[in-house]
Amino acid sequence: MSKLLCTSHLNPLGRRRFSAILSKSPVPIQLSLSPSRFPFEFHFSLRNHFPNRQIHLRFLRNSVHQRGLSVRALESSSETKDEEVSKKEDESSSSETETRSVDVNGSLVGSNDDYPSGDFEFKEINGWMSFVVKLRMLFAFPWERVRKGSVLSMKLRGQISEQLKSRFSSGLSLPQICENFSKAAYDPRISGVYLQIEPLSCGWGKVEEIRRHILNFRKSGKFIVGYFSVCGEKEYYLGCACEELYAPPSAYFALYGLTVQASFLGGVLEKVGIEPQVQRIGKYKSAGDQLMRKNMSKENCEMLTALLDSIYGNWLDKVSSTKGKRREEIENFIDEGVYQIERLKEGGWITNIHYDDEVISMLKERLGLKKEKNLPMVDYRKYSRVRNWTLGLSGGKDQIAVIRASGSISRVRGPFSVSNSGIISEQFIEKIRSVRESKRYKAAIIRIDSPGGDALASDLMWREIGLLAASKPVVASMSDVAASGGYYMAMAAGTIVAENLTLTGSIGVVTGKFNLGELYERIGFNKEIISRGKYAELTAAEQRPFRPDEAELFAKSAQNAYKQFRDKAALSRSMTVDQMEEVAQGRVWAGKDAASRGLVDAIGGLSRAVAIAKQKANIPQDKQVKLVEMSRPSPTVPEILTGIGSSLVGVDRTLKELLQDLTFSDGVQARMDGILFQRLEGASFANPIFTLIKDYLSSL
């Protein structure tokens, strides 16, 4: 039986050499291997000759930009999965996880890795290039033509997708929002931006990315004016980054602080006769608590409190810095429960009180237009069709692939699912392989926005990302959330970049089934099963609880899945198993806290991920690169026919998510939160009605 030494996260291989030492041998055997002469995987058939030996793999660093690592070889037998990761790499390592601080650039203090910040620097387009840009705009396609002196009008509200949107799709796309800000900064036809902010339903990672692009746009010297009528913490977090901020006299401000909530169905299910039998590995793994418990566990409360403190603390720090006030002043103002718009103006929270038409009149006056003239404006959707090439921003010859992974993770697509519903491992792996096999791409960025999902699918993608990372630099960039299965994917990359408030980690698994015996008895339903095989009814018999031997097997299966996840995380992050166990246990971390514990390498957005990818690929930082999106939008028939997005039925989003979570999921789950169940691969006992509803609703 062979041992497999997996080095997927080390790039480039040519900068490292390996030394494998056979421990517990009377005469230690040392093998020096040149990675440039060997394939990605190394197979040693030593088990038959040395049954009690353990192989230690040490990576010796030749570059300050590479991580050193000392780990054990992952054996194929089940016994070795419980063994510890090898001895510490040096004497300074300890068995406890070291908490490190993060500097102003978002890099770990004391780290050997000196990552570029990727900060935006505005450079005027002059000389010949300026003439070329004007010529391109003169002969641009009709849909790319913008009147000189126009104001870019963007309305931010509701959900913001991490994926690119087709011209037929409704809704907002984060890549296109950010690209519009970048284009507008250089477009000589754009005088400024009028940003209308309405209640947002996205996470803090996307909000941080948009805020960064607002501040970058201001470096161009053009104006950006914000306006909102309903304002909470997220909306104000964006609005305060604008040069000016206005609101109508009747505006509703709800700057009262932040809350976190958890709901529990344990009592409800008990009353109707349903017993959830859930195995969750990790004391902080809250997925399943909604079913089993009637209140919040101590561990879950600890985790959520820490996350809330991180988010609220970051909000106070950023707002106080932007408004030039002390943090205590901001905190006291929030605690006063101020709702009068006049108080907000007096306190300097907004520039002035105006209706929308008054703000537009002000913009006309600023641009020197007469009152009877209309303000030339171009909206978000039309401006999204202006190509970077037209403005001379198309990049250089060097190409970096951007592969976006957004949504819940599954292995295959349902029969009623549409093209952009979640992460389908089969399709994602195809993209990864195409990038690996192509010589055009100097590096790759995996952009992740996922709470996880199917554990097997996550592992298959982890493997392929690791193979890609062995051939060229790979940087994982996290958006709102990259937890559990989402983190599983990210940890195969050579470098992980997250936002301050990205929700990540959640290294744990959850699986389970419903015992419906009492419910069946109440309603007079009966189900009988004829089976062959001791454990054939493990998950098929929902009319009874687990037998003791079934419960033991079920628990061992879940524990094994967790150990594989944890051990691979330790391997990827250069930690011992004990060190990884301290930060795992299903705990969710904010990005900055994850970075200080070694789960993340740097803090920043996509621009920093690009800068790091350029550094790893030996591309000068001042040289432009072309970002190639591997997930181009493909409009569906409903989108083309109606132009209202991919949904034909106005089903409430909450109902969709609840029904999707309540239906059975294939395989053990590596997911941050939600109501989850497990059924064996290939089992045919799933309720077809639930499956039909799930697949249909997930396609909406």
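Residues numbered from 1 in each chain as written. Predicted model: local features only at pLDDT ≥ 70, side-chain atom pairs only at ≥ 80, totals over all residues. Heavy atoms only, no water.

Per an unreviewed UniProt entry, the protein chain goes by Peptidase S49 domain-containing protein and derives from Tetracentron sinense.

### Overview of the overall build of the protein chain
What counts here: Comment: elements are numbered from the N terminus, with helices defined as DSSP H or I runs of at least four residues and strands as E runs of at least two. Each residue's exposure class comes from its accessible area (1.4 Å probe, protein chains only) as a fraction of the maximum for that residue type: buried when under 20%, exposed when over 50%, partly exposed otherwise. Whether two residues touch is decided by their heavy atoms; if any such pair falls within 4.5 Å, the residues are in contact. Only the protein chains shown count as cover for residues, and the accessible areas themselves come from Shrake-Rupley with a 1.4 Å probe.
The helix and strand inventory of the protein chain stands at 22 helices and 30 strands. Within the protein chain, buried positions represent 53% of all 700 residues. Look at the contacts in the protein chain between residues 6 or more apart in sequence, and 74% of them connect residues 24 or more apart. Carbon together with sulfur atoms contributes 51% to the accessible area of the protein chain, which is approximately 32,000 Å² in total.

### Remarks on the environment of Glu235
Quick note on the threshold: The definition of a polar contact used here is a pair of N or O atoms within 3.5 Å, where within protein one atom must be able to donate a hydrogen and the other to accept one, and adjacent residues in sequence count solely through side-chain atom pairs.
Mapped onto the fold, Glu235 is located in helix 4 (residues 233-239). Here Glu235 falls in the buried class, since its relative accessible area comes to 7%. It is 6.3 Å that separates the C-alpha atoms of Glu235 and Ile197, two residues lying 38 residues apart in sequence. Setting aside chain neighbours within four positions, we find Glu235 in contact with Ile197, Glu198, Pro199, Leu200, Phe228 and Val230. In this structure the side chain of Glu235 is engaged in a polar contact, spanning 2.7 Å, whose partner is the backbone nitrogen of Leu200.

### Describing the pairing of strand 11 (residues 223-227)
So the rule is basically this: At least two DSSP bridges between two strands are required for those strands to pair. By convention a crossover is right-handed if, when the strands point away from the viewer, the path from the first strand over the helix to the second runs clockwise.
Along strand 11, five of the five residues are buried, which leaves the element largely enclosed by surrounding structure. Residues of strand 11 alternate between two faces, with Phe223, Val225 and Tyr227 on one and Ile224 and Gly226 on the opposite face, all of them buried. With five bridges connecting them, strand 10 (residues 190-200) and strand 11 associate as parallel partners. If you follow Leu195 over to strand 11, its bridge partner there is Gly226. Handedness of the strand 10-helix 3 (residues 204-218)-strand 11 crossover: right-handed. Bridge analysis of strand 11 against strand 13 (residues 244-247) gives three bridges, and the strand direction is parallel. For Gly226, the partnering residue across the bridge sits in strand 13 and is Leu245.

### Topic: the pattern of salt bridges
What counts, and what does not: By salt bridge we mean one thing: a side-chain nitrogen of Lys or Arg within 4 Å of a carboxyl oxygen of Asp or Glu.
All told, the structure shown has 37 salt bridges when counted by the stated rule. Between Lys294 and Glu270 there is a salt bridge; the shortest N-O distance is 3.1 Å. Placement of the pair is Lys294 in the loop between helix 6 (289-292) and helix 7 (298-323) and Glu270 in helix 5 (residues 266-272), with a sequence separation of 24 residues. Taking the shortest distance from any N to any O, the salt bridge between Asp398 and Lys623 comes out at 3.2 Å. One end of the pair, Asp398, is in the loop between helix 11 (380-383) and strand 18 (399-406); the other, Lys623, is in the loop between helix 19 (606-616) and strand 29 (626-629), and 225 residues separate them in sequence. Residue Lys623 is classed as partly exposed on the basis of its relative accessible area, which comes to 39%.

### Quick notes on the side chain of Arg411
One can find Arg411 in the loop between strand 19 (409-410) and strand 20 (423-424). Looking at Arg411, its side chain comes within polar contact range of the side chain of Asp454, at 2.5 Å.

### A few points about the nonpolar core
Heads up, the condition is: The set of buried Ala, Val, Leu, Ile, Met, Phe, Trp, Tyr and Cys residues whose side-chain atoms join them within 4.5 Å is what this entry labels a nonpolar core.
Among the nonpolar cores identified, the biggest contains 60 residues, and Phe181, Tyr236, Phe253, Trp315 and Trp349 are the most heavily contacted of them. Sequence-distant contacts of Phe253, that is, excluding residues within four places in its chain, are made with Phe228, Cys231, Tyr236, Ala247, Ile341, Leu344 and Ile350. Judged by nonpolar contacts, the second largest core, of 52 residues, contains Met478, Ala482, Met491 and Ile603.

### A look at the packing of aromatic side chains
Applied cut-off: Stacked, tilted and edge-to-face are the three classes assigned to paired rings of Phe, Tyr and Trp, where Trp is represented by its six-membered ring and a pair needs centres within 6.5 Å; plane angles under 30 degrees give stacked, over 60 edge-to-face, the rest tilted.
Taken as a whole, this structure holds 13 aromatic pairs when the rule is applied. Note on Phe141 and Trp143: the rings are 4.9 Å apart at their centroids and 10° apart in plane angle, and the pair reads as stacked. Assessed through its relative accessible area of 41%, Phe141 is described here as partly exposed. Assessed through its relative accessible area of 37%, Trp143 is described here as partly exposed.

### Things to note about the environment of Glu542
Mapped onto the secondary structure, Glu542 falls in the loop between helix 15 (517-523) and helix 16 (548-572). Classification of Glu542 as buried rests on a relative accessible area of 14%. Taking the C-alpha atoms as reference points, Glu542 and Lys527, separated by 15 residues in sequence, lie 8.9 Å from one another. Apart from residues lying up to four places away in sequence, Glu542 is in contact with Lys513, Phe514, Asn515, Leu516, Gly517, Tyr520 and Lys527. Reaching out from Glu542, the side chain makes a polar contact with the side chain of Tyr520 at a distance of 3.0 Å.

### A closer look at the sheet that holds strand 11
Spatially, 16-13-11-10-7-17 is the arrangement adopted by the six strands of the open sheet, whose pairing is parallel. Sheet topology places strand 16 (352-353) and strand 17 (377-379) at the edges, where each strand pairs with a single neighbour. Note: strand 7 (residues 150-158) against strand 17, three bridges, orientation parallel. Looking across to strand 17, one finds that Val151 is bridged to Met377.

### Focus on a nonpolar patch on the surface
This is how it is decided: Surface patches are defined over residues having more than 30% relative accessible area and no salt bridge, joining like charges when they lie within 9 Å and nonpolar side chains (Val, Leu, Ile, Met, Phe, Trp, Tyr) when within 5 Å.
A surface patch of nonpolar side chains, amounting to about 630 Å² of accessible area, comprises Trp128, Phe131, Leu135, Leu138 and Phe139. Among the structural elements, Trp128 can be located in helix 1 (residues 127-138).

### Considering helix 10 (residues 356-366)
Rules: It is the directions from the helix axis to the C-beta atoms that the arc portrays.
Among the residues of helix 10, those classed as buried are Val359, Leu363 and Lys364. Angularly, the buried residues of helix 10 cover 145° about the axis, an arc narrow enough to put them on a single face. Every exposed residue of helix 10 that faces more than 90 degrees away from the buried side is listed here: Asp357 and Glu365. Buried positions along helix 10 lie against strand 10, strand 11 and strand 13. Just beyond helix 10, the residue with positive phi is Gly368, at close to 75°.

### A look at the environment of Tyr380
Its location among the elements puts Tyr380 in helix 11. Given a relative accessible area of 10%, Tyr380 falls into the buried group. Remark: the alpha-carbon pair of Tyr380 and Ser153, spanning 227 residues in sequence, is separated by 6.3 Å. Not counting chain neighbours up to four residues away, the residues in contact with Tyr380 comprise Ser153, Met154, Gly171, Leu172, Ser173, Gln176, Ile177 and Asn180.

### Some details on helix 16
Cut-off, in case you're wondering: Helix span, as expected, comes to 1.5 Å for every residue beyond the first.
An ideal rise of 1.5 Å per residue puts 36 Å on 25 residues; helix 16 measures up with 36 Å between its terminal C-alpha atoms. Remark: Ser574 follows helix 16 within two positions and exhibits a positive phi of approximately 60°.

### A word on unusual backbone geometry
The phi dihedral of Ser574 is positive, around 60°, even though this residue is not glycine. Along the polypeptide, Ser574 turns up in the loop between helix 16 and helix 17 (577-583). We classify Ser574 as partly exposed; its relative accessible area is 24%. Within the chain, Asn618 stands out as a residue other than glycine whose phi angle is a positive 60°. Structurally, the position occupied by Asn618 is in the loop between helix 19 and strand 29.

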